[in-house]
Amino acid sequence: MAAYEDCLARICEILDPFTKQGHIIQEDTELVAELGLSSLQVMEMIERLEDDFDVSIPLNILPEVRSVRDLGVQLERLTNSQP
Amino acid sequence: MNIFDKFQPIATVRGEMEDIGVFPFGTVTEKIISATEGIVNGQRVILAGTNNYLGLTFDPECIAAARKAVEEEGTGTTGSRMANGTYAGHAALEHELADFFGCESAIVFSAGYLATMGMGSTLAGPGDVILLDADSHASIYDGCRMSGAEILRFRHNDMGHLEKQLRRLGDRTSNTLIIAEGIYSMLGDRAPLADIVALKRRYGGYLLIDEAHSLGMLGATGRGLAEEAGVEEDVDFIVGTFSKSLGATGGFCVSRHKELEVIRYALRSYIFTASSSPSVIASTRVALRIMRERPELRVRLWENARRLYEGLKGMGFQIGPEPSPVVAAYLQSREQALAYWSALIENGVYVNLILPPASPSTASLLRCSVSAAHTPEQMDLILAAFATLCEPKLAATAK
């Protein structure tokens, strides 16, 4: 189990290399539209979160994920629903 | 905002390529001369990017069988396998495939894409789980998306990651379909199939292997990676294509499960399309027989594969992890890839240009596929053309 804040903090850490200098990641920062993540980079981020939280993240959630908040909500839900 | 806006990134890339006068994705083979030669961009080239692994597209027996079929049975079936589109040849090919693989039954599809997409989308459904290798072919991904199943990936050939995913699934492995490929189409590397099978035995699940690029290439009799690894009994479904080693078009699935005969009637990609033309079925049946009867084709293919792999490696190209009939050279930029691809054409060699996101990483690839039909002299010319890429002048201008 992981709290939303923990999920958010780790997502922000992973995304930090993708931000422009001086830009701070907010909950409403959009992964593709703002940070310009490619599909490959999105998948690498998903794999790192799977490792960090020992959770499986289905690809099916991706259409629902646009922002950092969306991903944090999904990650919290998955960590709480998987044994 | 209109329905065309989402295609703008493609239009931009296409425009950039046209500006520099190179558009590899619109390549026309103006004349096909043989299994290994053609005219491209007005230039006579050796074809080293066709997946024509056994070189059977111009085999006289295959051509004679196709010609006889078109004369006796017409140009097309004009109907679904489930309606009027199953001719005696389609049924015979299914029997021959089942016999070749030692399986209960086989299904023949009109395209390899329809076989992999169809099996993925139909075998698993809502409530089930698909666990696929990250480098799986687009047809597998498309099928998974259509299935309604939960889709999980494991890093390419990473057995630790596969095991973690299986462990986390717990009891749900009983309705999990694991998918991997015999030889991966971009880099030519194999799945660690014995390890995948060991994990499947430990955790449960079903296993589907796509042998599109390994049929005719691996195994003592050419049945693919499952045969080579000695794990055919543990593979639940094998899918493959006729458009590579068998030199035609179409796809298939074979299985040890008798349920495949029922699944046939749930496969939308089998039902809602016209069946393969009689000539295609006729040449495929002969090609399958030739593949079984002439193992020397496989020997020659691997001689050529090893020669190209070692040759490119010796020139300093960064290439795939193991010798294979698919040999891919990594290039760091799209500009370099385009320049090298054009230079190879000018030097008489056609290969495939693969740019992200079609490549499995951010690198671009010059992807070669060798054929049993390539002569030693043609292999010399392919290697000589690659050697010109290493000359300082071209290497510098491509950076």
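Bear in mind the structure is a predicted one, so any value in this text is a computation, not a measurement.

(A) Representation of the overall build of chain A. Scanning chain A from terminus to terminus reveals 3 helices and 0 strands. Listed N to C, the secondary structure of chain A is α-α-α in terms of helices and strands. Here the C-alpha radius of gyration of chain A, 12 Å, is about what a compact globule of 83 residues would show, namely 12 Å. Counting only C-alpha atoms, chain A reaches 40 × 25 × 20 Å along its principal axes. Considering chain A as a whole, with its 83 residues, one finds that 19% of them fall into the buried category. A separation threshold of at least 6 residues defines the contact pool for chain A, and within that pool the share at least 24 residues apart is 63%.

(B) View of helix H14 (residues 376–389) of chain B. Residue and element names in this part refer to chain B. The end-to-end C-alpha distance of H14, which contains 14 residues, comes to 21 Å, matching closely the 20 Å that a straight helix rising 1.5 Å per residue would cover. Turning to H14, its buried residues are Gln378, Ile382, Ala385, Phe386 and Leu389. Axial view of H14: buried residues confined to an arc of 95°, hence all on one face. Within H14, the exposed residues directed more than 90 degrees away from the buried face are Pro376, Glu377 and Asp380.

(C) Main features of the nonpolar core. Counting residues in each nonpolar core, the largest one holds 119 residues, and the members touching the most others are B:Ile130, B:Leu208, B:Phe252, B:Cys253 and B:Leu366. In this structure, A:Leu8, A:Leu31, A:Ile57 and A:Val65 belong to the second largest nonpolar core, which totals 12 residues.

(D) Inspection of the interface of chain B and chain A at higher detail. Counting residues at the interface gives 11 residues for chain B and 11 residues for chain A. By residue number, the principal contributor to the side of chain B that touches chain A is strand E6 (residues 150–154) of chain B, which donates 4 residues. Among the residues forming the side of chain B that touches chain A, the class breakdown is 4 nonpolar, 3 polar and 4 charged.

(E) Up close: helix H7 (residues 193–203) of chain B. Residue and element names in this part refer to chain B. Of all the residues in H7, the buried ones are Leu193, Ile196, Val197, Leu199 and Lys200. Along the axis of H7, the buried residues cluster in a sector spanning 160°; they form a single face. Residues of H7 that are exposed and point more than 90 degrees away from the buried face comprise Arg201 and Arg202. Against helix H6 (159–169), strand E7 (176–181), strand E8 (206–210) and helix H8 (225–228) lie the buried residues of H7. Downstream of H7 by a residue or two, Gly204 has a phi angle that is positive, lying close to 100°.

(F) Quick look at the sheet that holds strand E3 (residues 43–47) of chain B. Residues and elements named next belong to chain B. Sheet architecture is open: 4 strands sit in the order E1-E2-E3-E12, paired in mixed fashion. A strand with exactly one partner marks an edge of an open sheet, and here the two such strands are strand E1 (29–32) and strand E12 (349–350). The pairing of E1 with strand E2 (residues 37–40) spans 3 bridges and is classified as antiparallel. The residue bridging Thr29 from the neighbouring strand is Val40, located in E2.

(G) Region of interest: the packing of helix H4 (residues 112–123) of chain B against helix H5 (residues 138–147) of chain B. All names here are of chain B. Their axes nearest at 7 Å, the elements H4 and H5 cross at an angle of 30°. Where H4 crosses over H5, the two elements pack in a sense that is right-handed. Note on element contacts: H5 touches H4 through Ser139, Ile140, Asp142, Gly143, Cys144, Met146 and Ser147, opposite Tyr113, Thr116, Met117, Gly118, Met119, Gly120 and Ser121.

(H) Spatial organisation of the sheet that holds strand E10 (residues 251–255) of chain B. Residues and elements named next belong to chain B. Strand order in the open sheet made by the 7 strands is E4-E10-E9-E8-E7-E5-E6, with mixed pairing throughout. Two strands in the sheet have a free side with no partner beyond their single neighbour: strand E4 (105–109) and E6. Averaged over all pairs of adjacent strands, the angle between strand axes in this sheet comes to 20°, irrespective of strand direction. Two elements, strand E9 (residues 237–241) and E10, share 5 bridges in a ladder whose sense is antiparallel. Residue pairing in the sheet places Phe237 in a bridge with Ser255 of E10. The strands touched by helix H3 (residues 88–101) within the sheet are E4, E9 and E10, with E4 carrying the most contacts at an inclination of about 130°.

Here is what the cut-offs are and how they apply
Residues numbered from 1 in each chain as written. Chains lettered and ligands numbered in written order. Predicted model: local features only at pLDDT ≥ 70, side-chain atom pairs only at ≥ 80, totals over all residues. Helix = DSSP H or I, 4+ residues; strand = E, 2+ residues; numbered from the N terminus. Rg over C-alpha atoms; globule rule 2.2 N^0.38 Å. Buried ≥ 20, exposed ≤ 12 C-beta atoms within 10 Å, placed from the backbone. Contact = placed C-beta atoms within 7 Å. Expected span 1.5 Å × (residues − 1). Arc of directions from axis to C-beta. Core = buried A, V, L, I, M, F, W, Y, C linked by C-beta atoms within 7 Å. Nonpolar A, V, L, I, M, F, W, Y, C, P; charged D, E, K, R; others polar. Pairing = 2+ DSSP bridges. Axes fitted to C-alpha atoms, helices over the stretch in contact; angles between N-to-C directions. Left-handed = near helix turned anticlockwise from the far one by under 90°.

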